[in-house]
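# Secondary and tertiary structure notes
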Amino acid sequence: MGFDLNAELAAVRGQGYDLHSRYQNPQLPRTLHTIGFDKDYVRGDGAYLYDSEGNAYADFLAGFGVFAAGRSHPVIKKALHDALDADFAAWTQFDCQPISGLLAQRLLAKTPGLDRVFFCNSGTEAVESALKFARHSTGHGRIIYARHAFHGLTTGSLSVNGAEEFRRGFGPLLPDAQIPLGDLDALAAELRRGDVAAMIIEPVQGHGVMMPPAGFLGEAAALLHRHGALLICDEVQSGFGRTGKFFAYQHEDVRPDIVTVAKALSGGYVPVGAMLTTDKIFGSVYSSMDRVMVHSTTFKAGPLAMAAGLAALAVIEDEGLVENATRTGESLRAGLAALADRFDLIADVRGRGLMIGIEFGKPSGVKARAGWAMLQKARVGLFAQMVVVALFQRHRILTQVSGDHMEVIKLIPPLIIGDAEVKLFTDSLTDVLEDASKGSGLMWDFGRTLIKQAVRS
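As a starting point, this report considers the structure included with it. No experiment lies behind these values; they were computed from the predicted model shown.

## Brief notes about the environment of Phe133
Within the fold, Phe133 resides in helix H7 (residues 123-138). Among the residues examined, Phe133 registers a relative accessible area of 1% and is labelled buried. Spatially, the C-alpha atom of Phe133 lies 9.7 Å from that of Gly283, the residues being 150 residues apart in sequence. Apart from residues no more than four positions distant in its own chain, Phe133 is found in contact with Met275, Ile281, Phe282, Val285, Tyr286 and His295.

## Some words on the packing of helix H6 (residues 98-108) against helix H13 (residues 303-318)
Running from amino to carboxyl end, H6 crosses H13 at an angle of 35°, the nearest separation of the two axes being 9 Å. Where H6 crosses over H13, the two elements pack in a sense that is left-handed. The segment H6 lies against H13, with Ile99, Ser100, Leu102, Leu103, Arg106 and Leu107 engaging Pro303, Met306, Ala307, Gly309, Leu310 and Leu313. Within the contact of H6 with H13, the residues separate by chemical class into nine nonpolar, two polar and one charged.

## Description of the sheet that holds strand S15 (residues 408-411)
Backbone-to-backbone hydrogen bonds join strands into a sheet, with any given pair of strands oriented parallel or antiparallel. Here we have four strands laid out as an open sheet, ordered S11-S12-S15-S14, and antiparallel in their pairing. Of all the strands in the sheet, the pair left with one neighbour each is strand S11 (346-352) and strand S14 (400-401). Pairing geometry for S14 and S15, over two bridges, is antiparallel. Note that in S15 the partner of Val401 across the bridge is Ile409. Relative to the sheet, helix H14 (residues 321-342) contacts S11, strand S12 (355-360) and S15, its axis offset from that of S11 by approximately 170°. Relative to the sheet, helix H17 (residues 419-438) contacts S11, S12 and S15, its axis offset from that of S12 by approximately 10°.

## Remarks on the pattern of salt bridges
The tally for this structure, following the rule as stated, stands at 17 salt bridges. Across the pair Arg379 and Asp404 runs a salt bridge, and its minimum N-O distance is 2.5 Å. Placement of the pair is Arg379 in the loop between helix H15 (366-378) and helix H16 (382-395) and Asp404 in the loop between S14 and S15, with a sequence separation of 25 residues. A salt bridge links Asp435 to Arg394; the shortest N-O distance between them is 2.2 Å. Placement of the pair is Asp435 in helix H17 and Arg394 in helix H16, with a sequence separation of 41 residues. Exposure remark for Asp435: the relative accessible area of 12% places this residue in the buried category.

## Regarding the nonpolar core
In terms of nonpolar packing, the biggest core is built from 111 residues, with Met199, Phe240, Phe360, Phe383 and Phe425 touching the most fellow members. The residues contacting Met199, other than those within four sequence positions of it, are Ile144, Ile179, Leu187, Phe216, Ala220, Leu224, Leu230, Leu231 and Ile232. With 21 residues, the next largest nonpolar core counts Ala126, Ala130, Ala197 and Phe282 among its residues.

## A few points about unusual backbone geometry
Comment: phi is negative for the bulk of residues other than glycine, and the bulk of peptide bonds are trans. Here the bond from Gly171 into Pro172 is cis, since omega is 0°, no more than 30 degrees from zero. With respect to the helices and strands, the residue Pro172 is situated in the loop between helix H9 (164-167) and strand S6 (176-179). With a phi close to 65°, Phe64 is a non-glycine residue in the positive phi region. In this structure, Phe64 sits in helix H4 (residues 62-65). By relative accessible area, Phe64 is classed as partly exposed at 43%. Of note in the backbone geometry, Lys263 takes a positive phi value of approximately 40° without being a glycine. Of note, Lys263 is situated in the loop between strand S9 (258-261) and strand S10 (273-277).

## Considering the sheet that holds strand S1 (residues 41-45)
Pairing is mixed across the open sheet formed by four strands, whose spatial order is S1-S2-S3-S13. Looking along the sheet, the strands with just one partner apiece sit at the ends: S1 and strand S13 (397-398). Pairing geometry for strand S3 (residues 56-59) and S13, over two bridges, is parallel. When the bridges of S13 are listed, Asp59 appears paired with Leu398.

## Here's the deal with the environment of Lys77
Positionally, Lys77 belongs in helix H5 (residues 74-86). On the accessibility criterion, Lys77 (33% relative accessible area) is partly exposed. Separated by 226 residues in the primary sequence, Lys77 and Pro303 place their C-alpha atoms 14 Å from one another. Not counting chain neighbours up to four residues away, the residues in contact with Lys77 comprise Ser72 and Tyr269.

## Description of H14
In this model H14 runs 31 Å from its N-terminal to its C-terminal C-alpha over 22 residues, within 8% of the 32 Å that 1.5 Å per residue would give. Where H14 is concerned, the buried positions are Leu321, Val322, Asn324, Ala325, Thr328, Gly329, Leu332, Leu336 and Leu339. For H14, the angular spread of the buried residues around the axis is 130°, confining them to a single face. In H14, those exposed residues whose orientation departs by more than 90 degrees from the buried face are Glu323 and Asp341. For H14, the secondary structure elements touched by its buried residues are H13, S11, S12, S15 and H17.

## What to know about the packing of aromatic side chains
A complete count under the given rule lists 15 aromatic pairs for this structure. Here Phe240 and Phe246 contribute two aromatic rings whose centre-to-centre distance is 5.5 Å and whose plane-to-plane angle is 80°, an arrangement assigned as edge-to-face. On the basis of relative accessibility, which here comes to 1%, the residue Phe240 falls in the buried class. Its relative accessible area of 9% is what places Phe246 among the buried residues. Between Phe246 and Phe247 the ring centres are 5.1 Å apart and the planes differ by 85°, which places this aromatic pair in the edge-to-face class. Since its relative accessible area comes to 0%, Phe247 is described here as buried. Cluster of aromatic residues (ring-pair linked, three or more members): Phe37, Tyr41, Tyr57 and Phe392. Looking at Arg43, its charged tip hangs above the ring of Tyr50, at a distance of 4.0 Å from the centre. Its end group placed over the ring of Phe246, Lys110 keeps NZ or CZ at 4.9 Å from the ring centre.

What counts and what doesn't
Residues numbered from 1 in each chain as written. Predicted model: local features only at pLDDT ≥ 70, side-chain atom pairs only at ≥ 80, totals over all residues. Heavy atoms only, no water. Helix = DSSP H or I, 4+ residues; strand = E, 2+ residues; numbered from the N terminus. Buried < 20%, exposed > 50% of the residue type's maximum accessible area, 1.4 Å probe, protein only. Contact = heavy atoms within 4.5 Å. Axes fitted to C-alpha atoms, helices over the stretch in contact; angles between N-to-C directions. Left-handed = near helix turned anticlockwise from the far one by under 90°. Nonpolar A, V, L, I, M, F, W, Y, C, P; charged D, E, K, R; others polar. Pairing = 2+ DSSP bridges. Salt bridge = Lys/Arg side-chain N within 4 Å of Asp/Glu carboxyl O. Core = buried A, V, L, I, M, F, W, Y, C linked by side-chain atoms within 4.5 Å. Expected span 1.5 Å × (residues − 1). Arc of directions from axis to C-beta. Phe/Tyr/Trp six-rings, centres within 6.5 Å; stacked < 30°, edge-to-face > 60°. Lys NZ or Arg CZ within 6 Å of the ring centre and 35° of its normal.

Read these as geometric descriptors, not functional statements.
As structure tokens, then:
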């Protein structure tokens, strides 16, 4: 009989939400049913998803930033087919495959001042590695992080997560210190205690799409180094061209001691993460042969992941995706700024490249203002969710609210988008905001549904 994957999947076609409800996290299908996101996607191509009815959805979420090169990229697919056909002697655990060395070399070529790479399987694992290496190399225990930061959800990375909704109920965590984003005085005060190993920071925060003031990273690095501490830049979401530079920290004159990456390095196919650091920090951990496995993971540097990473880097370079992120991002932000002049519901448009946040604020119209107050009283963030749902249901555009208790939606589309997608989004948001400004109609009726859900939860 044998195993036939296509036959197995055909037998459960259309049952995804039911199976998930029974055997996985039941809150996910419940949430998706509530907001009308319960589509049966059957394929993805470029910047679009397609459901079982043939409808196309513009993907302005990109798998939380995974699909920098778009979905189903032929170059990345071919690399993976080639890797499968090569029948690598994978994970012997006692050899040195050249494919991982090649990817490490290519990554370090993009990060002057860093010398070594540790490969892992995800962004949170990369952060865990960074925390361990920083604590070991400095001999200190505390890590400083910024308010609203997101660095992962495993115990170490959760310790530097600035969102209380993720931390609640999982303590006690590692020694830490939270400071306001970009606050040098607060950083200096923590450093004076003499026990700080590092500060970890996203050069552009995923939650809320917020950035420290210009020059902060360089000044912070100098301050950290004076106190024997390190600068860790988390580029898990902002890296690989998303902000218009290969890494977001490169908008500043700074060289971090450690950089964490993941998401787009996968090419959209095989999970992979990496921590990049200096020879000095790396050597403090792997200091002798008897410490060769002191930090490791079974599935590090798998050949399929390495092949995906090499292909993803090649596509980003060959297709000029960093430059496209700059050009298209500027065009999209310009269009959104014009909408902000027209609709007072838009309080701010910010970001870099194709990592953009749209923050909403209290409208001036009487009916809209009353509706806004109604939503705010129930739960901050419901208006942004209402916009996200309207964009999806009316215009088939997939976006997300940028964090709990935030009136911000985040745009992180594939770096391949162009003028057509910019126009699609700005035209669609115009339609949604025109309706929202009236303060009545189907959109606000759905807002009341969201209020009921917020009260129940």
